[in-house]
Amino acid sequence: VTIDELEEGDVVVMSQALQPDHVGLWLDSGGVLHCARHVGVCFQRPSQLYVHGWNLIAGYRRRLS
C-alpha cells in the first residue's frame with residue numbers, strides 16, 4: 001500500500017528522470033539503502049539522495065492480511 005510516513009523496511013521508489021526507475025529500502029536511521037552505479041550498496045539520507053540527482057517518488061508498505 002502507498003504510505004505518507006516512512007518506517008523501517010518500507011520500499012522507496014526513486015527517479016533521476018520523469019519515470020520511476022529505482023528502488024531502495026527505508027531504514028529507521030533516516031535514509032535509504034540502495035545500490036548505486038559505480039558505488040555499489042550504499043546508505044544515503046534524503047539530502048544526499050537529492051545532491052546525487054535522486055527524487056523520492058513514493059513509499060510502499062506490505063499490507064498484512
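Structure: above.
Keep in mind the model is a prediction, meaning the values are calculated, not measured.

(A) Up close: the overall build of the protein chain. Along the backbone of the protein chain there are one helix and six strands. Traced from its N-terminal end to its C-terminal end, the protein chain shows the element sequence β-β-β-β-β-α-β. For 65 residues, the compact-globule estimate of 2.2 N^0.38 gives 11 Å, and the protein chain sits close to it at 12 Å. In terms of its C-alpha atoms, the protein chain occupies a principal-axis envelope of roughly 40 × 25 × 20 Å. Out of the 65 residues belonging to the protein chain, those deemed buried represent 31%. Across the protein chain, contacts joining residues at least 24 apart in sequence account for 36% of those joining residues at least 6 apart. About 4,800 Å² of surface is accessible on the protein chain, with carbon and sulfur atoms providing 54% of the total. Taken together, the 5 basic and 7 acidic charged side chains of the protein chain have centroids lying 6 Å from each other.

(B) Summary view of the state of the cysteines. A full pass over the atoms with the stated rule returns zero disulfides. With no disulfide of its own, C35 lies closest to C42 among cysteine sulfurs, the gap being 7.4 Å. A residue is classified by how much of its surface remains accessible, and C35, at 47% relative accessible area, is partly exposed. With a relative accessible area of 13%, C42 lands in the buried category.

(C) Up close: the pairing of strand β2 (residues 11-15). Most of β2 sits out of view: four of its five residues are buried. The sheet contact formed by β2 and strand β3 (residues 22-27) spans four bridges and is antiparallel. Bridging across to β3, V13 finds its partner in V23. In this structure, β2 lies alongside strand β6 (residues 55-60), joined through five bridges in antiparallel fashion. Bridge pairing in β6 places V13 opposite A58.

(D) Quick peek at the pairing of β3. Where β2 folds back on β3, the antiparallel hairpin that results is connected by six residues. Note: β3 against strand β4 (residues 31-36), three bridges, orientation antiparallel. Paired with L25 across the strands is L33, a residue of β4.

(E) Broad picture of the pattern of salt bridges. Applying the stated rule across the entire model yields two salt bridges. Taking the shortest distance from any N to any O, the salt bridge between R61 and E7 comes out at 3.8 Å. Separated by 54 residues along the polypeptide, R61 in the segment after β6 and E7 in the loop between β1 (2-3) and β2 bring together distant segments of the chain. Here D10 and R61 are joined by a salt bridge, their closest N and O atoms 2.8 Å apart. Of this pair, D10 sits in the loop between β1 and β2 while R61 sits in the segment after β6, and the two are 51 residues apart along the sequence. Residue R61 is classed as partly exposed on the basis of its relative accessible area, which comes to 27%.

Cut-offs used in this document
- Residues numbered from 1 in each chain as written.
- Predicted model: local features only at pLDDT ≥ 70, side-chain atom pairs only at ≥ 80, totals over all residues.
- Heavy atoms only, no water.
- Helix = DSSP H or I, 4+ residues; strand = E, 2+ residues; numbered from the N terminus.
- Rg over C-alpha atoms; globule rule 2.2 N^0.38 Å.
- Buried < 20%, exposed > 50% of the residue type's maximum accessible area, 1.4 Å probe, protein only.
- Contact = heavy atoms within 4.5 Å.
- Areas by Shrake-Rupley, 256 points an atom, 1.4 Å probe, with all protein chains shown as cover.
- Lys, Arg positive; Asp, Glu negative; His and termini not counted.
- Charge placed at Lys NZ, Arg CZ, Asp CG, Glu CD.
- Disulfide = S-S within 2.5 Å.
- Pairing = 2+ DSSP bridges.
- Salt bridge = Lys/Arg side-chain N within 4 Å of Asp/Glu carboxyl O.

None of the figures reported here should be taken as evidence of function without further support.
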